[in-house]
Amino acid sequence: MGCGSSSEGKRDWKPLEQRSCTDIPWLIIFFLFCVGMGCICGFTVYTGGALRIVRGYDSYGNTCGRRNSPIKGIELSGLNMTENKYVFFLDPCNIDFLNRKIKSLALCVSKCPDEELKTYSDVKQFSLSNGSNLCSYDLSPTRYTSSSERYTKCPKLPVPPSKAVRVLHRCVPTELSCYAELAQAFVSFVNDSSAIQRVIAGVLASKEIILGLCLLALVLSVILMVVIRYISKVLIWITTILVILGAVGGTGVLWWLYADHRKALDNATTTVFGKEVVADNVKALLIYAIISTVFTVVLLLVIFFMRKRVALTIALFHVAGKVFIHLPLLALQPFWTFLGLMLFWVYWISVFLFLGISGSPMKSNSTGLVEFQMKQPFQYLVWYHAVGLIWISEFILAFQQMTIAGAVVTYYFTRNKSEIPALPIVSSTWRAFRYHLGTVAKGSFIITLVKIPRLILTYLHSQLKGKENACARCMLKACVCCLWCLEKCLAFLNQNAYTATAINSTNFCTSARDALGILVENALRVATINSIGDFALFLGKVLVVSCTAFVGVLSLNYQRDYTVWVLPLFIVCLFAFLVAHCFLSVFEIVVDVLFLCFAIDTKYNDGSSGREYYMDKALMEFVEGSKKGGRYKPADGDPREMKKMNI
């Protein structure tokens, strides 16, 4: 992976008036990769896999709604299914979750049964009156009630009523009992199927309340992003106090438990075997208490010496709130990103399903029916498709980060806020699309390189559960943790590299190196913002979830018919957390971008004539306070000035 050459000499950090394209080779590589993804989709269409998913196919290899060619060794293949447009499963509720398929004979029918058929006479009457045969093709309707093969070639009784889904041409059961059986397969620890039915019935009956609560969570998240500027000081100090109380309280509890166990051991009130257990617990508690004490002392010292730097976090939160006032379209970024991810994931899942039945039709030795198997080297298309899922998903997320960074950079480096462009987020999106797609592709590929082995090792670790080789499982878990930490570090560096690219219009490697240099110079500030700031945002997420859950409990309490609240309330709380996470993640990105801009501003400017600051009043007050305390040191003798960006 090559890095572009940096500019000659030591460059100024400044928003350039003339942008230039960055990491063009990586844009070409990403474009070719996407062309490959498109070719995989074309392959599934050419081999008929896409048509089989859309129109449906039976267990003999016939595609519903069209003429078919015979398959060697399959007697009932090659039939004319022009009139039979829907797939009907003889036992639609019998699903094999391990192999991800319905363990039932599938047939092409002209009409789905719209009412329950309790006997084979009812099945016969339905077939004769509607011309839709619900048993195997080699069994005529007149033999449904007399043939001994009806137990294997006819649907399981009673046949539930179903509805034809015209998009995918499947007969889908309309009764709740079938879905309760599916839920019971997932939730194996629940033995009472009636409880599952009550839970599902509660969700269906309270869908209006669930929708309203989800909308409430969305509104609360937006309000919190705007209001957080006014409560940032209180929120930050509450976070700091909670951390101190948690550390001191945890240490105190450990010492209390040690004293209690020590007293029990000295009083000899236990058996000989019990004394050994208590003695081991005393030793363990003493070790834990000492470690906790050392940790608490170090934590208190760090907080004491860094207490002044907490003011910077408060100022950044305050300015971030102002950014959302001036750039309201930032609040819509999670929507566009989510929409982009959803559209891509729908496309990816569709092509993945197409690939599953794009192989050659083969007769199964166990069932005698048709299975589609992909031969070498086409099996590697699945792996290529899987890599595409990760890379393109990371690309969409990285594009959001680049867009937000560009908009915030525009806001920060415009001294007169009235001169900010009318739609800076749109301008930033256009600049990212026109100039920096290559940088986004390279940054997202680096994350993909780390994420793929982590996912593979996580899968291997899950497969080793219950096995005797504990050492191998421990080593795999350690590797997964190391890769996870590396991924988080690279993601943080990538985000700052995108900010540097938005400022200087430099390639990825140069931007990452320059941003890393700034971050290292401000290591203590970075640590403060990423610890206290992140925890404060986590408390914000908890606040949104708690308020939504509280309103949810009150709302459901007025609906006495909903006896089971577990699933509706869980769905609401999960959605509230995800929404709050999406919105506050944007807020976190804004804070990180503001910090890098602030660090650059204080390095190259000192507020004197010709070297005026770009920063907001709140940040200016922090700098002035730091100067009075003798803690702020401007760059020594650096005459360079950051020029104003013209958008």
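Throughout, a residue's number is its position along its own chain's written sequence, starting from 1. Under the rules for a predicted model, residues below a pLDDT of 70 receive no local features and side-chain atom pairs below 80 are neither given nor counted, while totals for whole chains, interfaces and linings still include all residues. Heavy atoms throughout the structure, all of them, feed into the side-chain values; hydrogens and water do not.

(A) Region of the structure containing the overall build of the protein chain. Numbering of helices and strands starts at the N terminus; helices are DSSP runs of H or I of at least 4 residues and strands are runs of E of at least 2. Check the secondary structure of the protein chain and you find 18 helices and 8 strands. For each residue, the accessible area found with a 1.4 Å probe, counting protein chains only, is set against the maximum for its type, and the residue is called buried under 20%, exposed over 50%, and partly exposed in between. Here the protein chain, with 647 residues, has 44% of them falling under the buried criterion. We call two residues contacting when some pair of their heavy atoms lies within 4.5 Å. Intrachain contacts of the protein chain at a sequence separation of at least 6 include 72% that bridge at least 24 residues.

(B) Layout of the environment of V172. Relative to the elements of secondary structure, V172 occurs in strand β6 (residues 170–173). For the pair V172 and F88, spaced 84 residues apart in sequence, the C-alpha to C-alpha distance is 8.3 Å.

(C) Seen up close, the layout of surface pockets. A cavity here means a set of 1 Å grid points, computed over protein atoms only, where a 1.4 Å probe fits but cannot escape. A pocket is an open set with protein on both sides within 12 Å along at least 5 of 7 lines, and lining residues have an atom within 4 Å of a point. Grid points are joined across faces, edges and corners, and a volume is the space filled by probe spheres set on the points. When its volume is computed, the second largest pocket comes out at roughly 1,400 Å³. Along the walls of the second largest pocket sit 39 residues, with L397, Q400, Q401, H581 and S585 positioned nearest its centre. Among the secondary structure elements, those contributing two or more residues to the lining of the second largest pocket are α10 (333–356), α11 (380–412), α13 (437–463), α14 (470–504), α16 (523–557) and α17 (566–604). Looking at the lining of the second largest pocket element by element, the count peaks at 11 residues for α17. Here the lining of the second largest pocket is built from residues that sort into 22 nonpolar, 9 polar and 8 charged. The classification used treats Ala, Val, Leu, Ile, Met, Phe, Trp, Tyr, Cys and Pro as nonpolar, Asp, Glu, Lys and Arg as charged, and all other residues, Gly among them, as polar.

(D) Summary view of the packing of α11 against helix α12 (residues 424–435). Relative to each other, α11 and α12 sit at 125 degrees, their axes nearing to 8 Å. Taken together, the axes of α11 and α12 lie oblique to each other. In this structure, α11 meets α12 at a crossing whose hand is right-handed. Of α12, the residues touching α11 (which contributes F399, M402, T403, G406, A407 and T410) are P424, I425, S428, T429, R431, A432 and F433. Residue classes in the contact of α11 with α12 are distributed as 7 nonpolar, 5 polar and 1 charged. Only the contacting stretch of a helix is used when fitting its axis, a line to C-alpha atoms as for every element, and angles between N-to-C directions run 0 to 180 degrees. Angular relationships are summarised with four words: roughly parallel below 35 degrees, roughly antiparallel beyond 145, roughly perpendicular across 65 to 115, and oblique for the angles in between. We call a crossing left-handed when the near helix sits turned anticlockwise from the far one by less than a right angle, and right-handed when that turn is clockwise.

(E) Region of interest: the state of the cysteines. The disulfide criterion is simple: two cysteine sulfur atoms within 2.5 Å. Scanning all chains against the criterion turns up 3 disulfides. The residue that forms a disulfide with C64 is C108, at a sulfur-sulfur distance of 1.9 Å. Judged by the torsion about the S-S bond (-80 degrees), the C64/C108 disulfide is left-handed. One end of the pair, C64, is in the loop between α2 (49–55) and β1 (86–89); the other, C108, is in strand β4 (residues 106–109), and 44 residues separate them in sequence. Taken as a pair, C64 and C108 share a single burial class, namely buried. There is a disulfide in this structure between C135 and C154, and the S-S distance comes to 2.0 Å. Measuring handedness by torsion sign, the sulfur bridge of C135 and C154 sits at about 115 degrees and is right-handed. With a gap of 19 residues between them, C135 in the loop between α3 (120–130) and α4 (150–153) and C154 in the loop between α4 and β5 (162–165) connect regions that are remote in the sequence. Of the residues examined, C154 reaches a relative accessible area of 4% and is grouped as buried. Lacking any disulfide linkage, C479 is separated from the closest cysteine sulfur, that of C482, by 6.5 Å.

(F) Summary view of the packing of aromatic side chains. In this analysis, rings of Phe, Tyr and Trp, with Trp reduced to its six-membered ring, are considered paired at centre separations within 6.5 Å, and the interplanar angle assigns stacked below 30 degrees, edge-to-face beyond 60, and tilted for intermediate values. Within the structure shown, the criterion is met by 18 aromatic pairs. Arranged with centres 4.9 Å apart and planes meeting at 50 degrees, the rings of F33 and W391 form a pair that is tilted. With F33 in helix α1 (residues 24–46) and W391 in helix α11, this residue pair connects regions lying 358 residues apart in the sequence. Geometrically, the ring pair formed by Y412 and F413 is edge-to-face, given 5.0 Å between the ring centres and 75 degrees between the ring planes.

(G) How the structure looks around α12. For α12, spanning 12 residues, the distance from its first C-alpha to its last is 16 Å, which sits close to the expected 16 Å at 1.5 Å a residue. Looking only at α12, the buried set comprises P424, I425, S428, R431, A432 and Y435. Down the axis of α12, the sector holding all buried residues measures 120 degrees, keeping them to one side. On the buried face of α12, the contacting elements are α10, α11 and α13. Every helix has an expected span of 1.5 Å times one less than the residues it contains. Relevant arc is that of directions from the helix axis to the C-beta atoms, nothing else.

(H) View of the packing of α14 against helix α15 (residues 508–521). Close contact between α14 and α15 brings their axes to 8 Å; oriented N to C, the two are set at 105 degrees. Our classification of the angle between α14 and α15 gives roughly perpendicular. Along the contact surface, α14 presents F492, L493, N494, N496, A497, Y498, A500 and T501, while α15 presents F508, S511, A512, A515, L516 and L519. Of the residues that constitute the contact of α14 with α15, the class distribution is 10 nonpolar, 4 polar and no charged.

(I) Region of interest: the confidence of the model for the protein chain. With 81% of its residues at a pLDDT of 70 or more, the protein chain has an overall mean of 78. Averaged over each element, pLDDT in the protein chain is lowest for helix α6 (residues 193–205) (52) and highest for α1 (93). In predicted models, pLDDT denotes the confidence assigned by the predictor to each residue on a 0 to 100 scale. Note on residues 1–11: pLDDT is under 50 here. Beyond four places in sequence and across chains, it has 24 contacts. Below a pLDDT of 50 lies the segment residues 184–196, which in the model reaches 11 contacts outside its immediate sequence neighbourhood of four places, other chains included.

(J) Here's a closer look at the nonpolar core. Counting 66 residues, the largest nonpolar core has L330, Y412, F587, V590, L594 and L619 as its most contacted members. The set of elements that each furnish at least two residues to this core consists of α7 (207–266), α9 (310–326), α11, α14, α15, α16, α17 and α18 (617–628). Looking at this core, the element that brings in the most residues is α17, giving 18 residues. Only buried residues count toward a nonpolar core. Its members are Ala, Val, Leu, Ile, Met, Phe, Trp, Tyr and Cys residues joined through side-chain atoms within 4.5 Å. Among the nonpolar cores identified, the runner-up in size contains 28 residues, and A50, L117, C135 and L139 belong to it.

(K) Region of the structure containing the pattern of salt bridges. Throughout this description, the term salt bridge denotes a Lys or Arg side-chain nitrogen within 4 Å of a carboxyl oxygen of Asp or Glu. By the definition in use, this model includes 7 salt bridges. A salt bridge links K153 to E149; its shortest N-O distance comes to 3.4 Å. Classification of K153 as buried rests on a relative accessible area of 18%. Here E149 falls in the partly exposed class, since its relative accessible area comes to 32%. Across the pair K451 and E487 runs a salt bridge whose closest N-O atoms are separated by 3.3 Å. Here E487 lies in helix α14 and K451 lies in helix α13, a separation of 36 residues in the sequence. Each of E394, K451, R454 and E487 takes part in one network of salt bridges that share partners.

(L) Representation of the environment of F598 in the model. With respect to the helices and strands, the residue F598 is situated in helix α17. Residue class for F598 comes out buried when judged on its relative accessible area of 0%. A C-alpha to C-alpha distance of 8.5 Å links F598 and Y412, two positions 186 residues apart in sequence. Sequence-distant contacts of F598, that is, excluding residues within four places in its chain, are made with L312, Y412, R525, M615, L619, F622 and V623.

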